[in-house]
Amino acid sequence: MTGAASLGPEGAVAPRRSNRAVRRFWSAVGVFAAALCSGIAASTLIVIIGYVITQGIAAINLPFFLEVPRPVGMTGGGVANGIVGSAIMVAIAALLATPVGVLTGIYLALFGRGAAAEGIRFLADVLSGVPSIAIGLFAYTVFVAPFKHFSALSASIAFAILMLPIIIRTAEEALRSLPSTIREGALALGMSLYSATVKVILPAARPAIVTGLLLAVARVTGETAPLLFTAFGSQFWELNPTNPMAELSLQVFTYAISPYDDWHRQAWAGALVLISVVFLINVFTRVALRTPTGR
Amino acid sequence: MAVRADLVEAPKTVLVMEELTAYYGKRMAIEGVNLAFPSKAITALIGPSGCGKTTLLRCLNRIHEAAGNGRVSGRVLLDGRDIYASEVNPVAVRRRIGMVFQRANPFPTMSIGEDVVSGLRYAGGVRSKARLREAAERVLRLAFLWDEVKDKLNHPGTSLSGGQQQRLCIARALATDPEVLLMDEATSALDPIATAQIEELMISLSGHYTIVAVSHNMQQAARVSTHTAFMLAGAERIGRLIEFGETNQVFTRPRERQTEDYITGRFG
Ligand SMILES: Nc1ncnc2c1ncn2[C@@H]1O[C@H](COP(=O)(O)OP(=O)(O)O)[C@@H](O)[C@H]1O
Ligand SMILES: [Mg+2]
């Protein structure tokens, strides 16, 4: 970049040099500021995780994973029902949201021109910004209040709604980021749009779509607000999704605001488990789902 | 030209373009092209970058309209029937007219063995494993690729070199037994050795398929083609056919002044 200018008239040499010094200075300032901010962000994260680990590790033991909560005031017990409940609710939510989200993503990526598609995109964006408590309230109004009965299913529906925009946008992105020559190559062979989509385009985009799915799961794992008036929580083993069910983050919430030291410790341990799960999902997404073709 | 015994004698298909005009949205890209492509021969499509060669080629298998805002008016007759007639399904057209792209596009999740028969399987509906395996070997041999890949048919197509990938794509296009083969600068991304292999392959196929090949390289067009079409876009950037004739004539005694200017390198 400097080559042509430094061959210029003699007069240009002196100001150039000071220019360069000034630019170097600001560049160094920029790099320093960026490094400082990254440092603050990273250390905040490390402090939080470190704190949760030191507080929570003490209450992590086998009964914590295998037992249901003891009655109020008694020490011991665990959150096994909450862990299983979380898994059930998230699994049902994923089953509900995946087909709808992926099909919508396919529609937007492959046929998505015009007002209808723009409308769906806009709605997905708005939806991803709606506070989860509002979505919980919606699920309560539609799926709890009419039946006068809390249920895990209504929580799953709230979760599914939270997952939808993430799945839709990542599926659309995954399909869009494929080179158009892949799609055209399939069509040029005489494949129907359906065959081209199912046999060529979707498999090629699958790792990225699954990534979006897992990120959506990570997003709702640990959501508490929508559960307060949907799944409601339970002290007992409950596997029927039409009944109120325990959920780990809800237990963390309940225990944290309780007056008992033992429950406080369990709340930290629960938070630690939640963070670990989300962490593991993210690690798995990064390591296991690297695109096989990405050379 | 050497006749290859390993090739099935394809029917003599006639491909004719009449008053073809193509648009991207509202913008006209090529206008009023009339061209009869000689059967079982290679027609080279030459002209400066942006004159509409790719667009014209993509109108021949109706892939132009698959890319969103592409529109076409005029007619393309395949054996006397207009492929743009309202009752014609573009999917059926593309089974008879194969296409090879500028950049090799093996399917990312398929192995070499799956990729090469993907058209036969997912467009042609052939299910039998034995028939697919047989077809894979036949077309990979046609594309002079069999010996290089026969021991790694289950490797991904993307693991091959650029030239091998492009020969895989040619084999793939041949697997559905098309009558016409469209090639868009199929060697522009390849090194000279891979280019020579593809040219040799094109020449060996030319007695059996009607080939339309866009070329960015005039020496290549002169080497491989029997006929040459020269296109040019004027100041309004609308491509038109300037001259069409036997390659020999177009390169040695062009009828049009603009053709002469182009092949003697005065522009483009
Ligand atoms: N997808 C597209 N959308 C709009 N215009 C396009 C598109 N593709 C090509 N064009 C225009 O059409 C004209 C012909 O392009 P093309 O057929 O690619 O030329 P060539 O292959 O001869 O280089 C050019 O002016 C180009 O800018
Ligand atoms: Mg081109």
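Residues numbered from 1 in each chain as written. Chains lettered and ligands numbered in written order. Predicted model: local features only at pLDDT ≥ 70, side-chain atom pairs only at ≥ 80, totals over all residues. Heavy atoms only, no water.

Caption draft 1: Highlighting the confidence of the model for chain B. Scored by pLDDT, chain B comes out at a mean of 92, with 94% of its residues at no less than 70. Two numbers describe this predicted complex: its pTM, 0.81, and its ipTM, 0.92. (pLDDT = per-residue confidence, 0-100.)

Caption draft 2: Examining the nonpolar core more closely. In this structure, Met163 of chain A together with Met17, Leu56 and Leu60 of chain B are the most contacted members of the largest nonpolar core, which totals 83 residues. A per-element tally of this core places helix 7 (residues 152–176) of chain A first, with 13 residues. Formed by 37 residues, the second largest nonpolar core is a distinct cluster that contains Val126, Leu132, Ala136 and Val224 of chain B. (Core = buried A, V, L, I, M, F, W, Y, C linked by side-chain atoms within 4.5 Å. Buried < 20%, exposed > 50% of the residue type's maximum accessible area, 1.4 Å probe, protein only. Helix = DSSP H or I, 4+ residues; strand = E, 2+ residues; numbered from the N terminus.)

Caption draft 3: Quick peek at the site of ligand 1. All names here are of chain B. Taken together, the residues surrounding ligand 1 are Tyr24, Arg27, Ala29, Pro48, Ser49, Gly50, Cys51, Gly52, Lys53, Thr54, Thr55 and Arg237. The separation between a nitrogen atom of ligand 1 and a polar side-chain atom of tyrosine 24 is 3.3 Å. Lysine 53 places a polar main-chain atom, nitrogen or oxygen, 2.9 Å from an oxygen atom of ligand 1. Bound to the protein, ligand 1 loses 65% of the 560 Å² it would expose on its own. Only strand 2 (27–37) and helix 1 (53–59) provide two or more residues apiece to the shell around ligand 1. Looking at the shell around ligand 1, the element that brings in the most residues is helix 1, giving three residues. A class-by-class count of the residues in the shell around ligand 1 yields four nonpolar, five polar and three charged. (Near = heavy atom within 4 Å. Polar contact = N/O pair within 3.5 Å; in protein donor to acceptor, adjacent residues only side chain to side chain. Areas by Shrake-Rupley, 256 points an atom, 1.4 Å probe, with all protein chains shown as cover. Nonpolar A, V, L, I, M, F, W, Y, C, P; charged D, E, K, R; others polar.)

Caption draft 4: View of the domain arrangement of chain A. All names here are of chain A. On domain assignment, one finds that chain A holds domain 1 (2–59) and domain 2 (62–294). The straight-line distance from the C-alpha centre of domain 1 to that of domain 2 is 37 Å. With seven residues of domain 1 at the contact, the number on the domain 2 side is eight residues. Across the interface of domain 1 and domain 2, roughly 710 Å² is buried in total on both sides, 86% from carbon and sulfur atoms. Broken down residue by residue, the surface that domain 1 buries against domain 2 is led by Val52, Gln55 and Ala59, which jointly contribute 60%. Linking domain 1 with domain 2 are zero salt bridges, by the criterion used here. The tally of links between domain 1 and domain 2 comes to zero residue pairs in polar contact (both at pLDDT 80 or more). (Domains from an automatic or database assignment. Contact = heavy atoms within 4.5 Å. Buried area = accessible area lost by both parts, 1.4 Å probe. Salt bridge = Lys/Arg side-chain N within 4 Å of Asp/Glu carboxyl O.)

Caption draft 5: Representation of the pattern of salt bridges in the model. All names here are of chain A. Inspection of the entire model under this criterion finds 22 salt bridges over all chains. Between arginine 121 and glutamate 172 there is a salt bridge, and its shortest N-O distance comes to 2.9 Å. Taken together, the positions of arginine 121 in helix 5 (residues 114–129) and glutamate 172 in helix 7 put the pair 51 residues apart, joining distant regions of the chain. The shortest N-O distance in the salt bridge between arginine 169 and glutamate 172 comes to 3.6 Å. Within this pair, arginine 169 and its partner glutamate 172 are both found in helix 7, separated by three residues, close to a single helical turn. Arginine 169 gets classed as partly exposed once you look at its relative accessible area, which sits at 29%. Assessed through its relative accessible area of 3%, glutamate 172 is described here as buried. Three or more residues are tied together by salt bridges with common partners; here these are Glu118, Arg121, Asp125, Arg169, Glu172 and Arg176.

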